[in-house]
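Topology and contacts: notes
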Amino acid sequence: MKLLKPLLLSAMLGASMGVFSTAAVSGECAEDKGRTCYEPVEAIDLTVELIRESRHAIDNGNDTAGIINLIRSATRMGKEINANDTVDRQRAKSAAFLKQARKAMKVGDNQGAHTLLLEAEKRYEALKGLI
């Protein structure tokens, strides 16, 4: 009995660990309906592209609402960058520049928003080195 009890206990623990690990992996994007998953570098590239579109829209004199929507889209795309904790901290700092740029656009400071977007673009590009 002294030998059987630890053997059964370790078998149950091993089986439960196997069940939990497969359950944790099962939340892949293939099962998340309506959601597109991106690799970290791909998400960074898409975010930078949206930031560039926002800057070009400012240069071309587009309407403020459209530019604010582009900045919001860049912020949402930036949230898709999932690599590690260091990247996430730097991503959050970079997203602060997007938030400031959006606020600058709301008050009509196009040049200030352009400068902030340029800094955000540089910071998002630098995230590739952290992956």
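Not measured: the values here are computed from a predicted model.

1. Quick look at a positive patch on the surface
Residues Arg 72, Arg 76, Lys 79, Lys 99, Lys 103 and Lys 106 make up a contiguous surface patch of positive charge. No other element matches the three residues that helix 4 (residues 85-106) contributes to the positive patch. Tracing the backbone shows Lys 79 in the loop between helix 3 (64-78) and helix 4. Judged by relative accessible area, Lys 79 falls into the exposed class, the value being 54%.

2. Topic: the nonpolar core
Ile 51, Ile 71, Ile 81, Leu 98, Met 105, Leu 117 and Tyr 124 are the most contacted members of the largest nonpolar core, which has 26 residues in total. Contributions of two or more residues to this core are made by helix 2 (40-60), helix 3, helix 4 and helix 5 (110-126). If we ignore the near neighbours within four places in the chain, the residues touching Ile 81 are Pro 40, Ala 43, Ile 44, Thr 47, Val 87, Arg 91, Tyr 124 and Leu 127.

3. As for the pattern of salt bridges
Inspection of every chain in the model, using the stated rule, returns seven salt bridges. Salt-bridge contacts for Glu 121 lead to Arg 55; the nearest nitrogen and oxygen are separated by 3.1 Å. Of the two residues, Glu 121 sits in helix 5 while Arg 55 sits in helix 2, which places them 66 residues apart along the sequence. Judged by its relative accessible area of 10%, Glu 121 falls in the buried class. By sharing partners, the salt bridges in this structure join Asp 45, Arg 52, Arg 55, Glu 121, Glu 125 and Lys 128 into a single network.

4. Thoughts on the packing of helix 2 against helix 5
The interhelical angle for the contact between helix 2 and helix 5, taken along N-to-C directions, is 160°, at an axis separation of 10 Å. As far as their axial angle goes, helix 5 and helix 2 are roughly antiparallel. Helix-helix and strand crossings are classified by hand; for helix 2 and helix 5 the assignment is left-handed. Side by side, helix 2 and helix 5 meet where Ile 44, Thr 47, Val 48, Ile 51, Arg 52, Ser 54, Arg 55, Ile 58 and Asp 59 of the first sit next to Asn 110, Ala 113, His 114, Leu 117, Leu 118, Ala 120, Glu 121, Tyr 124 and Glu 125 of the second.

5. Thoughts on helix 5
Compared with an ideal rise of 1.5 Å per residue, which puts 17 residues at 24 Å, helix 5 spans 24 Å between its outermost C-alpha atoms and is within 8% of the ideal. Those residues of helix 5 that sit buried are Gly 112, Ala 113, His 114, Leu 116, Leu 117, Ala 120, Glu 121 and Tyr 124. Looking at the buried positions of helix 5, the neighbouring elements they touch are helix 2, helix 3 and helix 4.

6. Observations concerning the packing of helix 4 against helix 5
At a closest axis distance of 8 Å, the pairing of helix 4 and helix 5 adopts a crossing angle of 165°. By the angle class used here, helix 4 and helix 5 are roughly antiparallel. By crossing handedness, the relation of helix 4 to helix 5 is classed as left-handed. The residues of helix 5 that touch helix 4, namely those facing Arg 91, Lys 93, Ser 94, Ala 95, Phe 97, Leu 98, Gln 100, Ala 101, Ala 104 and Met 105, are Asn 110, Gly 112, Ala 113, Leu 116, Leu 117, Glu 119, Ala 120, Arg 123 and Tyr 124. The class makeup of the residues in the contact of helix 4 with helix 5 is eleven nonpolar, four polar and four charged.

Reading the values: rules and limits
Residues numbered from 1 in each chain as written. Predicted model: local features only at pLDDT ≥ 70, side-chain atom pairs only at ≥ 80, totals over all residues. Heavy atoms only, no water. Patch = residues over 30% accessible without salt bridge, like charges linked within 9 Å, V, L, I, M, F, W, Y side chains within 5 Å. Areas by Shrake-Rupley, 256 points an atom, 1.4 Å probe, with all protein chains shown as cover. Salt bridge = Lys/Arg side-chain N within 4 Å of Asp/Glu carboxyl O. Lys, Arg positive; Asp, Glu negative; His and termini not counted. Charge placed at Lys NZ, Arg CZ, Asp CG, Glu CD. Helix = DSSP H or I, 4+ residues; strand = E, 2+ residues; numbered from the N terminus. Buried < 20%, exposed > 50% of the residue type's maximum accessible area, 1.4 Å probe, protein only. Core = buried A, V, L, I, M, F, W, Y, C linked by side-chain atoms within 4.5 Å. Contact = heavy atoms within 4.5 Å. Axes fitted to C-alpha atoms, helices over the stretch in contact; angles between N-to-C directions. Parallel < 35°, antiparallel > 145°, perpendicular 65-115°, else oblique. Left-handed = near helix turned anticlockwise from the far one by under 90°. Expected span 1.5 Å × (residues − 1). Nonpolar A, V, L, I, M, F, W, Y, C, P; charged D, E, K, R; others polar.

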